[in-house]
There are 2 protein chains.
Amino acid sequence: MSDKEGKSNLADIAYGLLKRDITEGAFIPGDKLLMSALRERYEIGAGPMREALSRLVAERLVTAESQKGFRVAPMSIEELKDIYFARAQLEAMITELAVARGDESWEAGVIASAHTLSKVTEVHSAEEMLGLWDSRHKAFHLAIAKGCGSAKLLELRLTMLEQAERYRQLWLRQTVFSAAALETKRDEHRQLVDVLLSGDSTKARRMMFEHMMNPVPIISEIMATRGLTRGE
Amino acid sequence: MSDKEGKSNLADIAYGLLKRDITEGAFIPGDKLLMSALRERYEIGAGPMREALSRLVAERLVTAESQKGFRVAPMSIEELKDIYFARAQLEAMITELAVARGDESWEAGVIASAHTLSKVTEVHSAEEMLGLWDSRHKAFHLAIAKGCGSAKLLELRLTMLEQAERYRQLWLRQTVFSAAALETKRDEHRQLVDVLLSGDSTKARRMMFEHMMNPVPIISEIMATRGLTRGE
DNA sequence: TTTTTATAAAATGTAGATATTTTTGCAAAA
DNA sequence: TTTTGCAAAAATATCTACATTTTATAAAAA
C-alpha cells in the first residue's frame, strides 16, 4: 500500500539487470551488445530488450547506431574529467543552497548519516565491507544534498552520479581497501560536517568542490596503467 | 561526411514527432496516450512506439504505469517553480564559469548572437516572428553557456531546457506579442552582454539568475487563470 | 445502492518476416 | 605470392502481425 511504482514489466527488469552488469563491469566499454546474446542471457524477448537498451542510451551508458546495434559506451580520461568537474560544480552548488536553506531536521540527518558511515570499520568480509561503505557513503552525501530543497536539482545530481558510476567503481576499491585512504576520507567528512553546521555556505561550497574532485587523479592513474578499459 | 548520427529508425522518428506534439500542446497534460491512437496517428507499429514512449518517460515528459499505459506528464505551478529555480541556478553557475573561462571567440559569439537576436523586429507574420525570435533567443543563451567549456554541464542544461519547454511555450506568446515586454527583454539582454564582457563573473551570475526567474510569475498567472491545463 | 460477473478494450510479449550490414570466399591484377 | 575488388552468404537489426495477460466497462443479481 506504500510503494508507488511497482516495477513489473520485462523491459524494466532487463533495464535493471543490464545496467548493473554494465556498471559492475560484466561488459567492457566498447563491447558490442548483441541482441541474441542479451536475449539469451536475460531470457527476454527482443522488444523489451530494445526498450531497456534505448533507456540506457538516454543515460549515456550505452551508444546506439541505427541499423548497427548497441555498444557499451566508451570510457576515457577526458570524459572522466568532464563528468567529475560537472558533478563537483553541481554538488558544490547544491551544498551551498543546503547550508543556506537547511533546517534542524536536515542537520540531524547529516549528523546521523555521518555517524553511521564512520562505524563501518568493524569486522566484515572484504566485499561486504565495500558494499556497506559505498551505500552509507552515498547516503551521507544524499543527506547533505537533500537540504537544497529542490527535487529537480536532486534529479540532476542523480543523473550525474549514474554517469560517474563506472569511474567511481574504479576509485572505490582503491579507497576502501586502504586503511590510510579511508582515514583521509574520514577526516574530510568530519571537516565537511563541521563547515556545514557552521553555516558558512561559501566555504562549504568550496570544500565540497575540492572533496568531489579528489578522486580524479587516482582514477586517471588507474585508467592510464590499465589502458582505459579495465580488463580483469 | 559531417553528420554523426543518421536518424533513421522508426522509434527515433516516433520519438521526435510525439515530443513535438506534446511540447507544442497537441496533447494536453494528463491525456492518456492510447497505443492504438498513436499507432494510427504516426503510422507506426507498437514496438517502436513503446520505445519512443519509454524515452520520453526518462525525460519526464510522459508518465508510465505498468499494465496501464502512458499519459502526458501533468503540469503544475509547483513543478513550474522547481524547474525554473533549478534551471536558473544551473544557468547562473554556467554563466559564472563562462565569464571566467571564455576566450575571445566566445565573446565574439555572444556579441554576434545578441546582434542577430536584436534584429528580429522586422516584418514577419505573427507565427513566423514567434519562431524566429524563439530560435535566436535560444541561440543567444547557448552562445553564452558554451563558454563554460564543459560538455556535461551543457548536457544538463539541455535536459532542463527540455523539461521547461512546455512552460516556456506559455510565456513565449505573452512576451513576443507584446511590444513592451519585448523591449524589456532587449534591455535585459543588453545589460547581460555588458556584464558578461566586463569580466565580473559574480555579478554576471546574479544577473543571469534574475533573468531566468523573471518569467515565473507571468507563467504562474497564465496557468492559474486557465486552470493549469491550458485548453485552447 | 453495492457487489458480482461477463464482456470489451488495452497493454505487453513472442515469433517470424524483412531489410541492412558485415563477413567470407573467390578470382583477377600486381 | 600478395593484394585488391566483387559477389554471395551469413549474421544481425528492425519491424509487423498475432497471441496472451491484464485492466476497465457494463450489465445483472443481491
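An unreviewed UniProt entry lists chain A under the name Transcriptional regulator, from Marinobacterium zhoushanense.

**Quick notes on the side chain of Thr95 of chain B**
Tracing the chain through its elements places Thr95 of chain B in helix α4 (residues 77-101). Overall, Thr95 of chain B belongs to the buried group, its relative accessible area being 1%.

**A look at the packing of helix α7 (residues 151-176) of chain A against helix α10 (residues 215-226) of chain A**
All names here are of chain A. Look at α7 against α10: their axes get within 9 Å of each other, and the N-to-C directions meet at 95 degrees. Of the possible angle classes, the one that applies to α7 and α10 is roughly perpendicular. In this structure, α7 uses Tyr167, Leu170, Trp171 and Gln174 to contact α10, whose residues at the interface are Pro215, Ile218, Ile219, Ile222 and Met223.

**A look at the pattern of salt bridges**
Overall, the coordinates contain 41 salt bridges over all chains when judged by the stated rule. Ionic pairing is found between Arg205 of chain B and Glu96 of chain B, a salt bridge with its closest N-O pair at 2.3 Å. Here Glu96 of chain B lies in helix α4 and Arg205 of chain B lies in helix α9 (residues 201-213), a separation of 109 residues in the sequence. Glu183 of chain B is the salt-bridge partner of Arg190 of chain B, the closest N and O atoms lying 3.6 Å from each other. Its relative accessible area of 34% is what places Glu183 of chain B among the partly exposed residues. Via salt bridges that share partners, Arg60 and Glu79 of chain A together with Lys152 and Glu155 of chain B belong to a single interconnected network.

**Notes on the protein's contact with DNA strand D**
Around DNA strand D, the surrounding shell holds 15 residues, and the nearest of these are Arg50 and Gln67 of chain A together with Leu10, Gly45 and Lys68 of chain B. For DNA strand D, the fraction of protein-proximal atoms (within 4 Å) that sit in sugar or phosphate groups is 97%.

**Observations concerning helix α1 (residues 10-23) of chain A**
Residues and elements named next belong to chain A. Spanning 14 residues, α1 covers 20 Å between terminal C-alpha atoms, matching the ideal 20 Å at 1.5 Å per step. Those residues of α1 lying buried are Ala11, Asp12, Ala14, Tyr15, Leu18, Lys19, Asp21, Ile22 and Thr23. Buried residues along α1 sit in contact with α2 (35-42), α3 (46-58), β2 (62-65), β3 (69-72) and α7.

**What to know about the relation of the copies chain A and chain B**
Two copies of one chain are present, and they are related through a rotation about an axis combined with an axial shift. Note on the copies: chain A fits chain B at an RMSD of 0.1 Å, the axial shift is 0.0 Å, and the rotation between them is 180 degrees. Such a combination of rotation and displacement between the chain copies is what one expects of a two-fold axis. Rotation axis and chain A: the residue whose C-alpha lies nearest the axis is Glu51 of chain A, separated from it by 2.6 Å. Both copies share a contact surface, since 100% of the interface residues of chain A are interface residues in chain B too.

Thresholds, definitions, all that
- Residues numbered from 1 in each chain as written.
- Chains lettered and ligands numbered in written order.
- Predicted model: local features only at pLDDT ≥ 70, side-chain atom pairs only at ≥ 80, totals over all residues.
- Heavy atoms only, no water.
- Helix = DSSP H or I, 4+ residues; strand = E, 2+ residues; numbered from the N terminus.
- Buried < 20%, exposed > 50% of the residue type's maximum accessible area, 1.4 Å probe, protein only.
- Axes fitted to C-alpha atoms, helices over the stretch in contact; angles between N-to-C directions.
- Parallel < 35°, antiparallel > 145°, perpendicular 65-115°, else oblique.
- Contact = heavy atoms within 4.5 Å.
- Salt bridge = Lys/Arg side-chain N within 4 Å of Asp/Glu carboxyl O.
- Near = heavy atom within 4 Å.
- Expected span 1.5 Å × (residues − 1).
- Least-squares fit on C-alpha atoms with pLDDT ≥ 70 in both.

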